[in-house]
Amino acid sequence: MSFVLAAVVTYIPYLGVPFKWLESFFHELSHALATLISGGVVSHIALFPNGAGLCYSAGGSPVLIGFAGYSGAALWGLLLYMMASSAKGIRLSFALLGVLVMLALLFFARDMLTIAILLVLGGLFFLPLKLAAAPWLTALLRFMAMIVLLNAIKSPTYLWGLDGQGDAELLSGLIWVPAFVWIGLWLAIASACLWCCWRISLRTYS
């Protein structure tokens, strides 16, 4: 059910925009974490109303950083779905995710537009804690996870035909693997994460 609802919402103008920001946030956060893990420095991230984003950094492993965006967003979607599988800890899960967004705002946000978008995303995690019971929170987090995963599947397809732009072209220039290979790999990772969510749902409802 969460998959169907998420698929519908992603195609509804305006309504799906905040959830697109969610996938973009996890994408750019993955770039930032890969930078830090590989010894680089993150200046800031920027999020835009159309769902695009940028991570400004220096140093680190360009290959790891470039690969981390789309793959990381898919893995975050899987993590959200796994967190939603535990009704007992669902409130803690929402609180931790809200804190994660606020930490990103504190350390990585510099412009007012990015700050505003992160405040909206923080609200997506903090406000339901006041308004919803545990079963509703579980359903909402599953829905968010599906939104992130579906966008993680859709987003790499936008890279087809981009000449010299995007993470796939960046990686292609670094290690001479064609851009379509990277796009296919990201699609495979996101699809595998979606399959894992399906397996989790079978265990949950069996």
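Residues numbered from 1 in each chain as written. Predicted model: local features only at pLDDT ≥ 70, side-chain atom pairs only at ≥ 80, totals over all residues. Heavy atoms only, no water.

Engineer: Would you take a moment to explain the overall build of the chain for this structure?
Structural biologist: Scanning the chain for helices and strands turns up nine helices and two strands. Evaluated residue by residue, the chain yields a buried proportion of 47% over its 206 residues. A fraction of 73% describes how many contacts in the chain between residues 6 or more apart in sequence connect residues 24 or more apart. On the chain, roughly 10200 Å² of surface is accessible, and the fraction owed to carbon and sulfur atoms is 74%. (Helix = DSSP H or I, 4+ residues; strand = E, 2+ residues; numbered from the N terminus. Buried < 20%, exposed > 50% of the residue type's maximum accessible area, 1.4 Å probe, protein only. Contact = heavy atoms within 4.5 Å. Areas by Shrake-Rupley, 256 points an atom, 1.4 Å probe, with all protein chains shown as cover.)

Engineer: Mind showing me how you'd approach the environment of Ala116 here?
Structural biologist: With respect to the helices and strands, the residue Ala116 is situated in helix H5 (residues 112-126). Note on Ala116: relative accessible area 37%, which makes it partly exposed.

Engineer: I would appreciate a short explanation of the packing of helix H3 (residues 62-83) against helix H7 (residues 134-157) in the present structure.
Structural biologist: When two helices pack together, their arrangement is given by the angle between the helix axes and by the axis-to-axis distance. Their axes nearest at 8 Å, the elements H3 and H7 cross at an angle of 160°. Viewed along their axes, H3 and H7 adopt a mutual orientation that is roughly antiparallel. When you trace H3 past H7, the crossing you get is left-handed. Taking contact as the criterion, the partners of Tyr70, Ala73, Ala74, Gly77, Leu78, Leu80, Tyr81 and Met83 in H3 are, on H7, Leu141, Arg142, Met144, Ala145, Met146, Val148, Leu149, Ala152, Ser155 and Pro156. In terms of residue class, the contact of H3 with H7 is built from 15 nonpolar, two polar and one charged. (Axes fitted to C-alpha atoms, helices over the stretch in contact; angles between N-to-C directions. Parallel < 35°, antiparallel > 145°, perpendicular 65-115°, else oblique. Left-handed = near helix turned anticlockwise from the far one by under 90°. Nonpolar A, V, L, I, M, F, W, Y, C, P; charged D, E, K, R; others polar.)

Engineer: Any chance you could explain the packing of aromatic side chains here in plain terms?
Structural biologist: The geometry of an aromatic ring pair is captured by the separation of the ring centres together with the interplanar angle, meaning the angle of the planes. A full pass over the atoms with the stated rule returns six aromatic pairs. Here Tyr70 and Trp186 contribute two aromatic rings whose centre-to-centre distance is 4.8 Å and whose plane-to-plane angle is 45°, an arrangement assigned as tilted. Highlighted residues: Tyr70 in helix H3 and Trp186 in helix H9 (residues 179-205), separated in sequence by 116 residues. Take Tyr70 and Trp186: they sit in the same class, and that class is buried. Taken together, Phe67, Tyr70, Trp182 and Trp186 form an aromatic cluster joined through their ring pairs. (Phe/Tyr/Trp six-rings, centres within 6.5 Å; stacked < 30°, edge-to-face > 60°.)

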